[in-house]
Amino acid sequence: MNSSELRSSITLACVFALRMLGLFLIIPIFSLHAKNLPQGDNATLVGLTIGIYAMVQAFFHIPLGILSDRYGRKAIVAFGLILFIIGALVAASHDDLYWILAGRAIQGAGAISAAISAWVADATREEVRTRAMAIVGASIALSFAVSVIIATPLYAFLGMSGIFLMMAVLGLLALLVTVRFVPSSPIFRAPQPEGTKTNWDRFIKVLKNPQLLKLNIGVLLIHASQVAMFIAIPRLMLADGLELHAHWKMYIIVLILSLVVMAPMLMRAEKKHQLSWLLKAGAFFIVIAQLIFAGIVEVNNLNLYVLGFGLTIFFTGFNILESLIPSLISVIAGDNRGAGLGVYNTSMSIGLFLGGIMGSWIFGNLGTQAVFAISLGLMLAWWLLILKMSGLVRKAKTT
């Protein structure tokens, strides 16, 4: 990477990380806090309050991605961060489930993931783009790890309203970085090919592209499996004697090991133009991880070392795909990369929401092993779907 590419990648990763840290902070603590609120015993309402963010995002990723193609990335990202700040202030204003639900919905409307991913793609050459996406992906993983570590002490010190106010401050910092430190990308008014006269036509072209369709199916299944899996994983760690307050230690070790394994694979595949191979390898890692988890439950041999090994395999594959798929989409979508990445992020949000809803139902009605068995089946089906994918484009095309 040259200095401009590195600066753009790092500053955009910081914007992503500051925003995601604010979102992740409530996950370990909100269900416990909600017990003390009116209707806090309504599991559906509590779950909706947590999940409303992903639901609303799913409706806004595509339009904001398309608007970023037309009016520039910085304006759309700044707009989304302002909504994030407003939503945090609304949630902080009343310690009430309905006010918090409304605030989280407003935060979800600031769906800027597609615009940020497209901005990274604008600012980097194709030969280093996957590396740039990896920097953004690593910042998200780090935000999750930090949130797990600091959420409980922050809640004890600030309370829930204080945490939402802290989110607003983090959003303000992200807005400052966006406006002052991220190099501007030009307003992206792509030439209109014959037969492509409206944003709707661009969107339809993105949806009908068979390579993009396969990748977006994968994004949905990966994140649905991830959320469903983590309904069961904490319970396995508890069953083997690792107390809840110590779970972050396992996650930190696993995330570091997975990044150490993933990084050389990513750089080699990028250098050797073997992105098709890397895509299949990432999916295969997740399949193997699900086999390990299902096997642990089947033989009832709960061992933290085996569980940690399975988690390392899972996050190696997950981090590969989290870095690689948006890079591939940005190339395949060409001048419509904002729309393409909007569909990508919408698929992710739908996967996160479905993973929570369906994962909870499967766990409650069919048991732990069913969670891993169904996740295994879904990921194996996607791996078979992409097995014959080859010759992924190396040059951006106008679609």
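Not measured: the values here are computed from a predicted model.

How each quantity is defined
Residues numbered from 1 in each chain as written. Predicted model: local features only at pLDDT ≥ 70, side-chain atom pairs only at ≥ 80, totals over all residues. Heavy atoms only, no water. 1 Å grid on protein atoms, 1.4 Å probe; cavity = no way out; pocket = protein on both sides within 12 Å on 5 of 7 lines; lining within 4 Å. Points joined across faces, edges and corners; volume = space filled by probe spheres on them. Helix = DSSP H or I, 4+ residues; strand = E, 2+ residues; numbered from the N terminus. Nonpolar A, V, L, I, M, F, W, Y, C, P; charged D, E, K, R; others polar. Core = buried A, V, L, I, M, F, W, Y, C linked by side-chain atoms within 4.5 Å. Buried < 20%, exposed > 50% of the residue type's maximum accessible area, 1.4 Å probe, protein only. Contact = heavy atoms within 4.5 Å. Patch = residues over 30% accessible without salt bridge, like charges linked within 9 Å, V, L, I, M, F, W, Y side chains within 5 Å. Areas by Shrake-Rupley, 256 points an atom, 1.4 Å probe, with all protein chains shown as cover. Salt bridge = Lys/Arg side-chain N within 4 Å of Asp/Glu carboxyl O. pLDDT = per-residue confidence, 0-100. Polar contact = N/O pair within 3.5 Å; in protein donor to acceptor, adjacent residues only side chain to side chain. Axes fitted to C-alpha atoms, helices over the stretch in contact; angles between N-to-C directions. Parallel < 35°, antiparallel > 145°, perpendicular 65-115°, else oblique.

Concerning the layout of surface pockets
Turning to step 1, where the next piece is worked out: Roughly 160 Å³ of internal volume is contained in the second largest pocket.
Turning to step 2, where the next piece is worked out: When residues of the lining of the second largest pocket are traced back to their parent elements, those giving at least two are α9 (210-239), α13 (337-366) and α14 (368-386).
Turning to step 3, where the next piece is worked out: The residue inventory of the lining of the second largest pocket, partitioned by class, reads 10 nonpolar, four polar and no charged.

Focus: the nonpolar core
Turning to step 1, where the next piece is worked out: Counting residues in hydrophobic clusters, the biggest one holds 64 residues, and the most contacted among them are I233, L279, F293, L311, I325 and W382.
Turning to step 2, where the next piece is worked out: For this core, the leading source of residues is helix α12 (residues 304-332), giving 13 residues.
Turning to step 3, where the next piece is worked out: Sequence-distant contacts of L279, defined by excluding residues within four places in its chain, comprise L215, L321, L324, I325, L328, W382, I386 and M389.
Turning to step 4, where the next piece is worked out: In this structure, M20, F84, I112 and A168 belong to the second largest nonpolar core, which totals 52 residues.

Some remarks on a nonpolar patch on the surface
Turning to step 1, where the next piece is worked out: Nonpolar side chains collect at one region of the surface, where V169, L173, L176 and F181 lie side by side and expose about 360 Å² of accessible area between them.
Turning to step 2, where the next piece is worked out: Considering the arrangement of structural elements, one finds L176 in helix α7 (residues 126-180).

Things to note about the pattern of salt bridges
Pairing of side chains with opposite charge becomes possible as their charged atoms draw close.
Turning to step 1, where the next piece is worked out: Tallied over the entire structure, the rule returns two salt bridges.
Turning to step 2, where the next piece is worked out: R125 is the partner of E5 in a salt bridge, and the nearest nitrogen-oxygen pair spans 2.8 Å. On the criterion of sequence distance, the pair formed by E5 in helix α1 (residues 3-24) and R125 in the loop between α6 (113-123) and α7 is long-range, its members being 120 residues apart.
Turning to step 3, where the next piece is worked out: Measuring nitrogen to oxygen at the nearest pair gives 2.6 Å for the salt bridge that ties R73 to D122. A residue pair is termed long-range when its members are at least 10 positions apart, and R73 in helix α4 (residues 73-93) and D122 in helix α6 qualify at 49 residues.

Some words on the confidence of the model for the chain
Low-confidence regions, as indicated by low pLDDT, have predicted coordinates that should not be scrutinised in detail.
Turning to step 1, where the next piece is worked out: Here the chain shows a mean pLDDT of 81. Residues at 70 or above account for 89%.
Turning to step 2, where the next piece is worked out: Across residues 186-197 the pLDDT falls below 50, and counting only partners more than four positions away or on other chains, this stretch makes 27 contacts in the model.
Turning to step 3, where the next piece is worked out: Predicted confidence for residues 394-399 stays below pLDDT 50, and this span has 23 contacts to residues more than four positions away or in other chains.

Let's talk about the side chain of T178
Turning to step 1, where the next piece is worked out: Within the fold, T178 resides in helix α7.
Turning to step 2, where the next piece is worked out: Polar contacts involving the side chain of T178 include one to the main-chain carbonyl oxygen of A174, which spans 2.8 Å.

Overview of the packing of α1 against α6
Two quantities define a packed helix pair, namely the angle between the helix axes and the distance between the axes.
Turning to step 1, where the next piece is worked out: Close contact between α1 and α6 brings their axes to 9 Å; oriented N to C, the two are set at 170°. Our classification of the angle between α1 and α6 gives roughly antiparallel. For the pair formed by α1 and α6, the contact residues are E5, S8, L12, V15, F16 and R19 on the first element and S113, I116, S117, W119, V120 and A123 on the second.
Turning to step 2, where the next piece is worked out: Here the contact of α1 with α6 is composed, by residue class, of seven nonpolar, three polar and two charged.

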